[in-house]
Amino acid sequence: MLVEFLPYLLTTFLSIVSGIVVGFSLGLMGGGGSVLAVPLLLYVVGIKDMHMAIGTSALAIGIIAAINLLNKRKNNNLKLKQGLSFALPGIAGTLIGSQLGLLTPAENLIVFFAVFMGIIGVIMMKRPHTSTQTSSNSRLVLFRKNSSLYGVAVGVLAGYFGIGGGFLIVPTMMYSGGLNIIQAIGTSMIPVSSFGLVTAGRYFVDGNVDFVIAMLFVMGGIIGTRIGIKTLEKIPKQNVVKIFSVMLFGVAAYIVIRTFLL
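A few points on the structure. (Residues numbered from 1 in each chain as written. Predicted model: local features only at pLDDT ≥ 70, side-chain atom pairs only at ≥ 80, totals over all residues. Heavy atoms only, no water.)

**Points about the overall build of the protein chain**
Here comes step 1: Scanning the protein chain from terminus to terminus reveals 12 helices and 0 strands.
Here comes step 2: For the protein chain, the succession of helices and strands along the chain, N to C, is α-α-α-α-α-α-α-α-α-α-α-α.
Here comes step 3: Counting all 262 residues of the protein chain, 51% fall into the buried class.
Here comes step 4: For the protein chain, the proportion of contacts with a sequence separation of at least 24, taken over those separated by at least 6, is 84%.
Here comes step 5: Carbon and sulfur atoms provide 69% of the accessible area of the protein chain, an area that totals close to 12,300 Å². (Helix = DSSP H or I, 4+ residues; strand = E, 2+ residues; numbered from the N terminus. Buried < 20%, exposed > 50% of the residue type's maximum accessible area, 1.4 Å probe, protein only. Contact = heavy atoms within 4.5 Å. Areas by Shrake-Rupley, 256 points an atom, 1.4 Å probe, with all protein chains shown as cover.)

Put into structure tokens, the structure is as follows:
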């Protein structure tokens, strides 16, 4: 009898561990970690379909962000007005992106995802992470005038790839909302949770969400986030981001090699 349950036990274990990895990355950097969810679901947990992995990833990331949202509110790092002004127009983009993702053949979508991971790695490598102030007045005005457009654009990417988009949302909120980085990370949980849950809803309509794996992923994510936050207190964030960027390049290369050569 035990032998029959071994595959389910293994899937349960791998789902929780994968959630811990993503949660750890999110807690450590405040954004970017969610992009690891889809590769982990595909190559570690063993989900066979790219669309199923995206839908499941979006649900898990949306729930983890919603839980973090409550914690950020308790710490007074949540600016509701700025968060909603980014999230509401972004939801329209999320619906567009998720629809486009469902229409894209899985074999093409996974290659696009690998390229996207590489781009994220470059952005995170080049972006400063230590500043707590916004940029020049001219850039601040530009971002404030176009914050809704940025929200839609990030929403499209979040819906298409099943990610949270925090690595794009945080700097945008610093410019458009005049927030420092701590407030921006806390406030970003509003659009991240919204984009994740909306994407999951659209994928669920087409039967592309595994609720059991998503919930196991969330369990691991909660644990990993706490570990990541504690670890951040001991390690310089700039060094962590550089290591994470290199890891993204490695995962992207693995996806391409596995897709075309294996």
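**Digging into the packing of aromatic side chains**
Each aromatic ring pair is described using two quantities: the centre-to-centre distance and the angle formed by the ring planes.
Here comes step 1: For the structure shown, the criterion picks out 5 aromatic pairs.
Here comes step 2: An angle of 65° between the planes, with centres 5.7 Å apart, marks the rings of Phe113 and Phe161 as edge-to-face. With Phe113 in helix α5 (residues 106-126) and Phe161 in helix α7 (residues 147-161), the pair connects residues that are 48 residues apart, well separated along the chain. The pair formed by Phe113 and Phe161 is uniform in burial state, with each residue classed as buried.
Here comes step 3: Look at Tyr160 and Phe161: their rings are 4.8 Å apart centre to centre, the planes differ by 90°, and that puts the pair in the edge-to-face class. An identical accessibility class is assigned to Tyr160 and Phe161; each is buried.
Here comes step 4: Cluster of aromatic residues (ring-pair linked, three or more members): Phe113, Phe116, Tyr160 and Phe161. (Phe/Tyr/Trp six-rings, centres within 6.5 Å; stacked < 30°, edge-to-face > 60°.)

**Let's talk about the nonpolar core**
Here comes step 1: Judged by nonpolar contacts, the single largest core of 67 residues is most densely connected at Val22, Met50, Phe113, Met117, Ile163 and Leu248.
Here comes step 2: Counting residues per element, this core draws most heavily on helix α3 (residues 50-74), which supplies 10 residues.
Here comes step 3: Those residues in contact with Ile163, other than ones at most four positions away along the chain, are Ser34, Val35, Phe113, Phe116, Leu157 and Ala158. (Core = buried A, V, L, I, M, F, W, Y, C linked by side-chain atoms within 4.5 Å.)

**Here's the deal with the pattern of salt bridges**
Here comes step 1: In this structure the tally under the stated criterion is 1 salt bridge.
Here comes step 2: For Asp206, the salt bridge goes to Arg202, with nearest N and O atoms at 3.0 Å.
Here comes step 3: For Asp206, a relative accessible area of 42% puts it in the partly exposed group. (Salt bridge = Lys/Arg side-chain N within 4 Å of Asp/Glu carboxyl O.)

**As for the side chain of Ser57**
Here comes step 1: Mapped onto the elements of the fold, Ser57 is located in helix α3.
Here comes step 2: When its relative accessible area of 1% is taken as the criterion, Ser57 is described as buried.

**Some points on the packing of helix α2 (residues 37-45) against α5**
Here comes step 1: In the contact formed by α2 and α5, the axes pass within 11 Å of each other and the chain directions differ by 130°. One finds that α2 runs oblique with respect to α5. Here the hand of the crossing between α2 and α5 comes out left-handed. Residues Val38, Pro39, Leu42 and Tyr43 of α2 lie in contact with α5, whose contacting residues are Ile110, Phe113 and Met117. (Axes fitted to C-alpha atoms, helices over the stretch in contact; angles between N-to-C directions. Parallel < 35°, antiparallel > 145°, perpendicular 65-115°, else oblique. Left-handed = near helix turned anticlockwise from the far one by under 90°.)

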